[in-house]
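Architecture at a glance
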Amino acid sequence: MTFFRFPMRTSAFARRARLGARVSGLLAASFLAGCQLDEVVRATDPDIIDPSFVQSASGADGVRVGTLGRFNANTTGGESMFLYGGLMGDEFTTGDTFTQRIETDQRALTPENGNVQTAYRGLHLVRIGSLQARELLRRYPFPAGQQEWRLAEMYFTEAYMINLLAEHFCNGQPLSSIEGFVETPSARIPTDSLYRIAQAKVDSGVTLIGALATTNDVRVRNALQVLRARIALNQGNFALAATAASTVPTSFTWDQEHTLTVRTPGVWSLVNNQRRYIVSNNEGPLAMGFANAVQDPRVPSCQPGTGGFNTAACAALNITNVNSFDSNNLAVPRMRYQLIWETDSRNVSLVNGLQARLFEAEAQNRLGNFTTASTGSLAILNALRAAPPAYVLPGRTITGLTPLVDPATADGQRDLIFREKGFWLFGTGHRFGDLRRMMRQYNMTQNQVWPNGVWQINRVPGYSTDVTFPTPAAEANNPLVPQSQPGVPACIDRNP
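This one's a predicted model, so the numbers in the text were calculated from it and none came from an experiment.

Points about the packing of aromatic side chains
Summed over the entire model, instances satisfying the criterion amount to 13 aromatic pairs. Relative to Tyr160, the ring of Phe71 has its centre 5.4 Å away and its plane inclined at 85°; by these criteria the two rings are edge-to-face. Of this pair, Phe71 sits in helix α3 (residues 57-73) while Tyr160 sits in helix α7 (residues 148-168), and the two are 89 residues apart along the sequence. Residue classification places Phe71 among the buried residues on the basis of a relative accessible area of 0%. With a centroid separation of 5.7 Å and 85° between ring planes, the pair formed by Phe92 and Tyr277 is classed as edge-to-face. Placement of Phe92 in strand β1 (residues 92-94) and of Tyr277 in strand β5 (residues 277-279) is noted, with a sequence separation of 185 residues between them. Across the pair, exposure class does not vary: Phe92 and Tyr277 are buried alike. Ring pairing ties together the aromatic residues Phe92, Tyr277, Phe290, Phe423 and Phe426, which thus form one cluster. Here the guanidinium or amino end of Arg276 rests over the ring plane of Phe325, the centre of that ring lying 3.8 Å away.

Overview of helix α6 (residues 114-139)
Spanning 26 residues, α6 covers 37 Å between terminal C-alpha atoms, matching the ideal 38 Å at 1.5 Å per step. At the N-terminal end of α6, a side-chain oxygen is found 3.2 Å from the backbone nitrogen of Asn115, two or three residues along, and the residue is Asn113.

Some remarks on the packing of helix α8 (residues 191-209) against helix α9 (residues 215-235)
Where α8 meets α9, the axes come as close as 9 Å, and the angle between the chain directions of the two elements is 155°. If you check the angle between α8 and α9, you find them roughly antiparallel. Crossing hand, α8 versus α9: left-handed. Every residue of α9 that contacts α8 at Tyr195, Arg196, Ala198, Gln199, Val202, Asp203, Gly205, Val206 and Ile209 is listed here: Asp217, Val220, Arg221, Leu224, Gln225, Leu227, Arg228, Ile231, Ala232, Asn234 and Gln235.

Notes on the side chain of Ser186
Its place among the elements puts Ser186 in the loop between β3 (182-184) and α8. If sequence neighbours within four positions are ignored, Ser186 has contacts with Pro174, Leu175, Ser176, Asn478, Leu480 and Val481.

Brief notes about the packing of α9 against helix α10 (residues 238-246)
Closest axis-to-axis distance for the α9/α10 pair is 8 Å, and the angle between their directions is 165°. Relative to α10, the element α9 is oriented roughly antiparallel. Remark: the crossing between α9 and α10 carries left-handed chirality. Of the residues in α10, those touching α9 at Gln225, Arg228, Ala229, Ala232 and Leu233 are Phe238, Leu240, Ala241, Ala244 and Ala245.

Cut-offs applied
Residues numbered from 1 in each chain as written. Predicted model: local features only at pLDDT ≥ 70, side-chain atom pairs only at ≥ 80, totals over all residues. Heavy atoms only, no water. Phe/Tyr/Trp six-rings, centres within 6.5 Å; stacked < 30°, edge-to-face > 60°. Helix = DSSP H or I, 4+ residues; strand = E, 2+ residues; numbered from the N terminus. Buried < 20%, exposed > 50% of the residue type's maximum accessible area, 1.4 Å probe, protein only. Lys NZ or Arg CZ within 6 Å of the ring centre and 35° of its normal. Expected span 1.5 Å × (residues − 1). Polar contact = N/O pair within 3.5 Å; in protein donor to acceptor, adjacent residues only side chain to side chain. Axes fitted to C-alpha atoms, helices over the stretch in contact; angles between N-to-C directions. Parallel < 35°, antiparallel > 145°, perpendicular 65-115°, else oblique. Left-handed = near helix turned anticlockwise from the far one by under 90°. Contact = heavy atoms within 4.5 Å.

As structure tokens, this is what we get:
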């Protein structure tokens, strides 16, 4: 840094300036002597909401809407566990120079990973916001018929985040709470108990709505039933999963809104705009060709420049950069852009009837009904392929896909279902939980499921062996969470 020194002068101007300074100082002293000092230095912080502002029905509803905003930011609208789960799994490869993303891609997570810690906090911010909103809504209720869905919606957002926490993080996660602006720490809760807690929240929401049938009642009830089916799959309760999913029409969608001026889609931002993530291609033994020359229309992608694929689509969007963020590293794969959310203002279908059908298909397979006419897994999957829901590619349509045929073996049927789920649900936070369940519920080995061996970016070391995210270092401040070593919160275990 360069400092400039100006010469001292004793001009009339300088003498008048010194006199003015002395007068100003005397006036300031006189002013301060006649007032309270704390009034002088007190400042208004526009980021802090005075609790008195929310002591009404409209204020309580404001807290609910604010929680939905955080829910958006920490799912489809930011670098959430949707992206980190896909990076550690087989949806994305890092194109970055940041250690936090590199170690995630390598399946070699550390508790000090600040990026994952931010995403972890986001889960809890929404969870706590949901609790606070419900408390205020009960204290300042809306009339009957307007109150129920608002409360149920906050049960949905809370349960969604608890399920996401259980799907991604290691066994033994605390659910601390805030009561009267004082944190109440929680001990570690086993993963299976987290699923039970999340399911109980869903049950509370469904019970609140009952048979009410306004547009909002139907929207929230459908979202709760899709989530109920997803949690039931995680619990291995396939009968409940099938029943819950069957109540939701395929046309249902809960869209998260995104715009350039408010919040862009997280996948678009981190892949297409910042080039820190690359759409993976055949990363791992499951060989999911999310980005290759023979593309599946459910995950459209492109590579610009000579030798790329689908270059016309890249050109139409003015995508020209062939390199990732780490442009000086020749070992990093060439940039592959996703075109599901091809602009900065595409909405994202977070919960929908497509998910209900896929959950139903998996559940029916586990119940022995893969080839059952009309209601079996194969029939469900082929019905989706024949008429892809319009919300899969926002603003565009997918023409009918070739029907699937029965692989005729149990392993083949399992693989077909998870492959279909992988393409239909790309980038929406489902893949990581499915990879864990392939091991936990289907007895597949780690090397049959996860990217392993030589890291595709061709750096040393290669892939490690993590199948869960560790508890972030922030929980070392929780007195009820033991530490494996100073500053490192201990998981109960790191099993899938």
